[in-house]
Amino acid sequence: MDSSGGRRLQTTETSLAIIDAVNEMGEARMSELADRLDLSTSTIHVHLKTLLDQEYLVKRGEQYRLGMKLFHLGEGARTRNEWYEVARRKTHELADSCGEEVTFAVEEYGRAITLFNVVANVPSKGFQVGRYYYLHNSAVGKAILAALPETRVNEILDRWGLPEETEYTITDRETLLEDIERTSERGYSVNDQEAVEGLRSVGVPVTAPHGGVLGALDISGPLYRLPPNEELASMLQDVVDELESELGVQ
């Protein structure tokens, strides 16, 4: 979450805000973007022309959509790391052995983003890949929070808050900090319907080769089917130990 001071370019911020808006809206007309961002259509037009020329957006009729160049860049960001292949393989192995949904995520700018999502016996790359999560109400997120310094945890909570997504979401900071402390003591996190009602998940942090937290693995599934938390944590820890060993974590 390093945010260096200094000069910032308003034009760049506007272009990026347009990309974010198009992503959130799915597709958008120029007038809709002008209204959403409270900018003139002439200003929006110049930015859209630049983004089209640089292939970050595509135009279908009067509608603007994200271009596949962003997918190409995102895949490059995902595969650039030396731990990519072993994390991918271990995620798949765990899903095969536990028979449930397994997610590997990392923290960036105070949120978790899914790099691998594997559902047992489902031949797909995972419909959650690329999805952002809040850290306070996801198993991967709480596992990561428990491995971070207290100052960093507070920075993240200050920035993103504690949005309520279900009636079970923890929205009180002191309660969350107590939950993070329990997570640290027992070595695994629990998300009990805090993001999706009827869904429980257990997560374990993964240590980076040079120290600090790399990310986290979790197993999730419906309440009626998942085994006890301790059993899930044991399965996760075995795989995390193997993953860290292959990465050379001491």
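In every chain, residue numbers begin from 1 and rise along the written sequence. Reporting of local features is limited, given that this is a predicted model, to residues whose pLDDT is at least 70; pairs of side-chain atoms are given and counted only at 80 or more, and all residues count toward the totals for whole chains, interfaces and linings. Heavy atoms throughout the structure, all of them, feed into the side-chain values; hydrogens and water do not.

### Looking at the sheet that holds strand S7 (residues 199–207)
Moving on, step 1. Here, strands pair whenever DSSP counts at least two bridges between them. Secondary structure elements follow DSSP: runs of H or I no shorter than four residues count as helices, runs of E no shorter than two count as strands, and numbering proceeds from the N terminus. One open sheet holds the 6 strands; their spatial order is S5-S4-S3-S8-S7-S6, and the pairing between them is antiparallel. Whereas interior strands pair on both sides, the edge strands pair on one side only; in this sheet they are strand S5 (132–133) and strand S6 (189–192).
Moving on, step 2. Where S7 lies against strand S8 (residues 213–222), 9 bridges are found, and the strand directions are antiparallel. By the bridge assignment for S8, leucine 199 is matched with proline 222.

### Quick look at the environment of arginine 186
Moving on, step 1. Inspection of the secondary structure assignment puts arginine 186 in helix H8 (residues 173–186).
Moving on, step 2. A sequence separation of 44 residues divides arginine 186 from glutamate 230, and the C-alpha atoms of the two residues are 9.5 Å apart.
Moving on, step 3. Reaching out from arginine 186, the side chain makes a polar contact with the backbone oxygen of tyrosine 188 at a distance of 2.8 Å. Here a polar contact is recorded for every N or O atom pair within 3.5 Å, except that within protein the pair must consist of a potential hydrogen donor and a potential acceptor, and residues adjacent in sequence are included only if both atoms are side-chain atoms.

### With respect to the UniProt feature "domain: HTH iclR-type" (unreviewed entry) in the protein chain
Moving on, step 1. UniProt positions are given in the numbering used here, feature names are shortened, and annotations may be inferred rather than shown by experiment. The sites that carry the UniProt feature "domain: HTH iclR-type" (unreviewed entry) are, in the present numbering, residues 9–68.
Moving on, step 2. Measuring from the first to the last C-alpha atom of residues 9–68 gives 25 Å, for a span that is 63% helix and 13% strand.

### Observations concerning the pattern of salt bridges
Moving on, step 1. By definition, a salt bridge exists where a carboxyl oxygen of Asp or Glu is found within 4 Å of a side-chain nitrogen of Lys or Arg. Counted under the stated rule, the structure contains 16 salt bridges.
Moving on, step 2. One salt bridge in this structure joins lysine 142 and glutamate 194, with 3.0 Å as the shortest N-O distance. Here the residue lysine 142 occupies a position in helix H6 (residues 139–147), and glutamate 194 occupies one in the loop between S6 and S7, the gap between them amounting to 52 residues. Neither lysine 142 nor glutamate 194 differs from the other in exposure class; each is buried.
Moving on, step 3. Across the pair arginine 182 and aspartate 179 runs a salt bridge, and its minimum N-O distance is 3.5 Å. Categorising residues by exposure relies on relative accessible area from a 1.4 Å probe, with only protein chains included: less than 20% of the type maximum marks a residue as buried, more than 50% marks it as exposed, and the intermediate range marks it as partly exposed.

### A word on the domain arrangement of the protein chain
Moving on, step 1. Those domain boundaries reflect an automatic or database domain assignment. The domain architecture assigned to the protein chain consists of domain 1 (10–72) and domain 2 (81–248).
Moving on, step 2. Domain 1 and domain 2 are separated by 33 Å when their C-alpha centres are compared.

### Observations concerning unusual backbone geometry
Moving on, step 1. Backbone geometry at glutamate 55 places phi at a positive 70 degrees, although glycine is not the residue there.
Moving on, step 2. As for its placement among the helices and strands, glutamate 55 is situated in the loop between helix H3 (41–53) and strand S1 (57–60).
Moving on, step 3. Within the chain, tyrosine 109 stands out as a residue other than glycine whose phi angle is a positive 55 degrees.
Moving on, step 4. Take tyrosine 109: its relative accessible area is 48%, and that puts it in the partly exposed class.

### A few points about empty space enclosed by the protein
Moving on, step 1. Two kinds of site are reported from a 1 Å grid over the protein atoms alone, namely cavities, where a 1.4 Å probe fits but cannot get out, and pockets, open sets with protein on both sides within 12 Å along at least five of seven lines, and residues are called lining when an atom falls within 4 Å of a point. Grid points are joined across faces, edges and corners, and a volume is the space filled by probe spheres set on the points. Taken as a whole and judged by the stated rule, the model has 1 cavity of 30 Å³ or more.
Moving on, step 2. Estimates place the volume of the largest cavity at around 40 Å³.
Moving on, step 3. The wall of the largest cavity is formed by Gly110, Tyr134, Leu135, His136, Leu145, Ile156, Leu157, Trp160 and Gly161.
Moving on, step 4. It is helix H7 (residues 150–160) that provides the largest number of residues to the lining of the largest cavity, a total of 3 residues.
Moving on, step 5. Ten residue types, Ala, Val, Leu, Ile, Met, Phe, Trp, Tyr, Cys and Pro, are classed as nonpolar, four, Asp, Glu, Lys and Arg, as charged, and the remainder, Gly among them, as polar. Looking at the lining of the largest cavity residue by residue, the classes come out as 6 nonpolar, 3 polar and no charged.

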